[in-house]
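The chain contents come next:
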Amino acid sequence: MHLDHTHPHTDRHDGPSGVSADAHRPDGTRRALRIGLGGPVGSGKTATVAALCRALRAELSLAVVTNDIYTREDADFLLREAVLPAERITAVETGACPHTAIRDDISANLEAVEDLEDEVGPLDLVLVESGGDNLTATFSRGLVDAQIFVIDVAGGDDIPRKGGPGVTTADLLVVNKTDLAPHVGSDLARMAADAKAQRAGLPVVFQSLRSEDGVSAVAAWVRGQLAAWTA
Amino acid sequence: MTRAALLVLADGRFPAGGHAHSGGAEAAVKAGRITGASGAAGLEEFCQGRLHTAGLVSAGLAAAAALGADPVELDGAADARTPSAALRVAARKLGRQLMRAARATWPSGELDALAREFPKGAHQPVVLGLAARAAGLGAEDAAYCSVYECVSGPATATVRLLSLDPFEATGVLARLAPEMDVVVRRAVEAGRRCVDEGVDALPAGSAPLLEISAEVHAGWPVRLFAS
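Since this is a predicted model, take the numbers as computed values, not measurements.

K.L.:
Just give me the short version of the side chain of Arg-223 of chain B, but keep the residues and values in it.
P.N.:
Here Arg-223 of chain B is to be found in the segment after helix H11 (208–218). A polar atom in the side chain of Arg-223 of chain B sits 3.0 Å from the backbone oxygen of Ala-218 of chain B. Within polar-contact distance, the side chain of Arg-223 of chain B engages the backbone oxygen of Trp-220 of chain B at 3.3 Å. Not counting residues within four places of it along the chain, the set of residues in contact with Arg-223 of chain B comprises Ile-69, Tyr-70, Thr-71 and Glu-93 of chain A together with Glu-26, His-217 and Ala-218 of chain B.

Right, dumping it as structure tokens:
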């Protein structure tokens with residue numbers, strides 16, 4: 001990495017197109033915490049992002065980057081729901097490969113995050129939502145500081161048992177739509193036991209966004225991450 | 001120069017944002033101008049057209065930048081040779097992404113200076129030429145990278161868009177290799193003249209249909225690729 005010694009506050013890179021995971025911005029201030037949300041299509045990533053924005057926007061300066069696969073659907077949903085002002089939501093185009101844009105070639109997402117910090121900052125938190133993908137999709141540590149993997153009970157209660165990098169390594173596993181479990185015959189106790197066995201002590205949250213304050217456990221986890229980041 | 005450094009820069013997995021762009025192939029597929037690997041509406045003919053127009057222009061810019069021509073002047077020359085606003089935006093976006101990857105990979109004062117000059121991105125071929133310099137590569141290497149990605153981008157995209165047989169798509173690239181050699185030679189020659197005579201010596205070929213369809217593509221509400 002190029003070291004620049006002209007800034008008294010930092011030995012980090014000097015340009016807006018600097019490298020990636022540095023904790024400081026070019027002006028020496030600490031950048032926003034970045035949390036990634038990934039998971040299969042339809043599991044409730046965008047709904048979770050929307051609920052997190054509503055829960056946290058009064059106490060934090062927030063922005064969202066979406067990675068739609070072929071449209072602006074997710075960004076448009078967030079705009080329609082008015083969870084944040086439009087200038088705080090950016091959509092990245094991923095060329096039919098959502099996992100590439102969050103893991104193998106993160107440059108477009110990094111630019112989106114940095115532009116948001118430049119244009120509407122200072123920010124406390126940026127949520128980076130992946131396009132719906134498969135069970136192997138994880139975020140690069142060069143892009144996000146922590147990642148949430150969102151699955152749902154209707155996608156099959158054997159997903160925690162099947163594992164895969166998202167389920168086993170995400171900093172938080174969210175099992176969404178628990179209200180549907182009786183209707184689709186999913187066994188929540190089995191999902192919890194399988195997730196526990198797969199995740200070596202990493203946390204799991206079961207949530208239903210149909211209930212009031214359904215996102216509160218995930219919001220509390222995000223607050224904990226932010227406290228650790230700013231400590 | 002090290003041949004291995006050339007492979008690093010030319011690798012399709014070099015993280016510089018190219019995967020999200022089709023080089024005009026998405027618009028051409030939708031319009032029925034690419035329907036298969038070869039023949040009248042073939043990927044091969046599409047790539048050939050691209051190679052001798054946009055490809056030659058990009059490679060000339062990359063070669064000139066690698067030879068040490070003023071990158072700010074080259075950026076202006078690239079603007080003048082890109083009528084479509086959508087394509088200028090795409091070229092700067094890709095230039096910014098390549099800049100990040102190149103600075104992380106081959107730290108260089110010249111790259112830093114260009115990044116300061118164009119915080120939102122210079123034209124991609126100009127950045128590519130400077131990246132080649134930073135990697136210890138020459139004008140010919142930069143031109144080869146530029147020419148190859150000008151055809152490999154549409155080929156990869158067409159595999160995704162048409163479910164084209166990937167072996168056929170790779171065969172197209174291999175068959176175009178001798179023509180790529182020719183375009184590289186012309187580009188390097190133009191790059192050398194540019195250093196002596198200024199940017200007017202650079203090629204200014206254009207493919208009007210690529211420019212027009214890029215404008216149309218940018219307005220689509222639903223698309224797989226950014227350009």
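We are not done yet, so read on.
K.L.:
Which residues make up the packing of helix H3 (residues 43–66) of chain B against helix H8 (residues 139–162) of chain B, and what are the values?
P.N.:
All names here are of chain B. Where H3 contacts H8, the axes come no closer than 8 Å and their chain directions differ by 150°. Here H3 lies roughly antiparallel to H8, going by the angle between them. Crossing of H3 against H8: the hand is right-handed. In this structure, H3 uses Leu-43, Phe-46, Cys-47, Arg-50, Leu-51, Gly-55, Ser-58, Ala-59, Ala-62, Ala-63 and Ala-66 to contact H8, whose residues at the interface are Ala-139, Ala-142, Ala-143, Ser-146, Val-147, Cys-150, Val-151, Pro-154, Ala-155 and Thr-158. Split by residue class, the contact of H3 with H8 holds 16 nonpolar, four polar and one charged.

K.L.:
Which residues make up the pattern of salt bridges, and what values go with them?
P.N.:
Tallied over the entire structure, the rule returns 26 salt bridges over all chains. Between Asp-171 of chain A and Arg-141 of chain A there is a salt bridge, with its nearest N and O atoms 3.3 Å apart. Residue Asp-171 of chain A is located in the loop between helix H6 (165–169) and strand S6 (172–176), and its partner Arg-141 of chain A is located in the loop between strand S4 (125–129) and strand S5 (146–152); the two are separated by 30 residues in the primary sequence. The partner of Arg-92 of chain B in a salt bridge is Asp-75 of chain B, and the shortest N-O contact between them spans 2.7 Å. In this pair, Arg-92 of chain B is assigned in helix H5 (residues 85–105) and Asp-75 of chain B in helix H4 (residues 71–80), connecting sequence segments 17 residues apart. In this structure Asp-75 of chain B comes out as buried when scored by relative accessible area, which is 3%.

K.L.:
Now, about the sheet that holds S6 of chain A: what can you tell me, with residues and values included?
P.N.:
All names here are of chain A. A sheet is described by the order of its strands in space; here seven strands give the open sequence S3-S2-S4-S1-S5-S6-S7, paired in parallel fashion. Where the open sheet ends on each side, the last strands, each with one partner, are strand S3 (89–93) and strand S7 (204–206). Mean inter-strand twist for the sheet, computed between neighbouring axes without regard to direction, equals 20°. Relative to S3, strand S2 (residues 62–68) is paired through five bridges, and the arrangement is parallel.

Criteria and thresholds
- Residues numbered from 1 in each chain as written.
- Chains lettered and ligands numbered in written order.
- Predicted model: local features only at pLDDT ≥ 70, side-chain atom pairs only at ≥ 80, totals over all residues.
- Heavy atoms only, no water.
- Helix = DSSP H or I, 4+ residues; strand = E, 2+ residues; numbered from the N terminus.
- Polar contact = N/O pair within 3.5 Å; in protein donor to acceptor, adjacent residues only side chain to side chain.
- Contact = heavy atoms within 4.5 Å.
- Axes fitted to C-alpha atoms, helices over the stretch in contact; angles between N-to-C directions.
- Parallel < 35°, antiparallel > 145°, perpendicular 65-115°, else oblique.
- Left-handed = near helix turned anticlockwise from the far one by under 90°.
- Nonpolar A, V, L, I, M, F, W, Y, C, P; charged D, E, K, R; others polar.
- Salt bridge = Lys/Arg side-chain N within 4 Å of Asp/Glu carboxyl O.
- Buried < 20%, exposed > 50% of the residue type's maximum accessible area, 1.4 Å probe, protein only.
- Pairing = 2+ DSSP bridges.

On their own, these measurements won't tell you what the molecule is for.
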